[in-house]
Amino acid sequence: MRTMQKALVGGGCFWCVEGVFNRVIGVESAISGYAGGARKNPSYEQVCTGVSGHAEVVEITFDPKILSYEEILEIFFEIHNPTTLNAQGADRGTQYRSVIYYYDDDQKEKALLSMAKAQEVWNEPIVTELAMAPEFFPAEEYHQNYYSEHPTQGYCYAVIAPKIDKFMKRFGSKVKK
């Protein structure tokens, strides 16, 4: 029987992060959702106001025999800019913050090491938030598998596709067949 693990990260719009991780070998699921705010079961509209305090995040369920937590974080730091506070590209607001939520001390230590390693390639300081995983709330169904369902939509074509291409070029051996 396989023992799956979870990772919870936010790197701007969850469509981008989910779009990449749904293509990574060893990932069983990548679910877009919300975490880190005060309200239970927030709606997309409530999160978009920035008042709820939630970040757009992706809950990644993965097989650690195929994909390590460190590899997840390496991919995470490659596909978004961890030096911009509360923003990714044109997306602005606290809901777009860079964040790693850890589930235990082992993940926390690995995240700290990963952040230090990532800092070596960035000129600006990394501002990724690191905190114990709060309750995760899956986003509305229409947000799930967004890129796969709407690849020709403008945002998907202009923003998500280049991130997926970057992942595929940099981590070719990690792409699902």
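Remember, predicted model here, so these are calculated numbers, not experimental data.

What's the story with the packing of aromatic side chains in this structure? I'm lost.
To describe a pair of aromatic rings, one takes the distance between the centres and the angle between the planes. According to the stated counting rule, one finds six aromatic pairs in the structure shown. An angle of 35 degrees between the planes, with centres 6.4 Å apart, marks the rings of Phe14 and Tyr44 as tilted. Note that Phe14 is positioned in helix 1 (residues 14-21) and Tyr44 in helix 2 (residues 44-48), a separation of 30 residues in sequence. On the basis of relative accessibility, which here comes to 1%, the residue Phe14 falls in the buried class. A relative accessible area of 21% means that Tyr44 is categorised as partly exposed. A centroid spacing of 5.7 Å and a plane angle of 75 degrees characterise the contact between Trp15 and Tyr155, whose relative ring orientation is edge-to-face. With a gap of 140 residues between them, Trp15 in helix 1 and Tyr155 in helix 6 (residues 154-170) connect regions that are remote in the sequence. Grouping aromatic residues by their ring pairs yields a cluster made of Phe14, Tyr34 and Tyr44. Lying over the aromatic face of Phe171, Arg170 brings its terminal NZ or CZ to 4.7 Å of the ring centre.

Looking at this structure, I do not really get helix 3 (residues 69-79). What am I missing?
Residue pairs three or four apart in sequence face the same way in an α-helix, which turns once every 3.6 residues. Where helix 3 is concerned, the buried positions are Tyr69, Ile72, Leu73, Ile75, Phe76, Phe77 and Ile79. Tucked inside the fold, the buried residues of helix 3 contact strand 1 (5-11), helix 1, strand 3 (55-62), strand 6 (98-102), helix 4 (105-119) and helix 6.

How do you make sense of the pattern of salt bridges when you look at a structure like this?
Close approach of charged atoms allows side chains with opposite charge to pair. Applying the stated rule across the entire model yields nine salt bridges. We note a salt bridge from Glu78 to Arg170, for which the minimum N-O separation is 3.6 Å. Of this pair, Glu78 sits in helix 3 while Arg170 sits in helix 6, and the two are 92 residues apart along the sequence. Close ionic contact of Lys110 with Asp106 constitutes a salt bridge, the shortest N to O distance being 3.0 Å. Residue Lys110 and its partner Asp106 are located together in helix 4, separated by four residues, close to a single helical turn. A residue is classified by how much of its surface remains accessible, and Lys110, at 23% relative accessible area, is partly exposed.

Calculation notes
Residues numbered from 1 in each chain as written. Predicted model: local features only at pLDDT ≥ 70, side-chain atom pairs only at ≥ 80, totals over all residues. Heavy atoms only, no water. Phe/Tyr/Trp six-rings, centres within 6.5 Å; stacked < 30°, edge-to-face > 60°. Helix = DSSP H or I, 4+ residues; strand = E, 2+ residues; numbered from the N terminus. Buried < 20%, exposed > 50% of the residue type's maximum accessible area, 1.4 Å probe, protein only. Lys NZ or Arg CZ within 6 Å of the ring centre and 35° of its normal. Contact = heavy atoms within 4.5 Å. Salt bridge = Lys/Arg side-chain N within 4 Å of Asp/Glu carboxyl O.

Keep in mind these values describe shape, not function.
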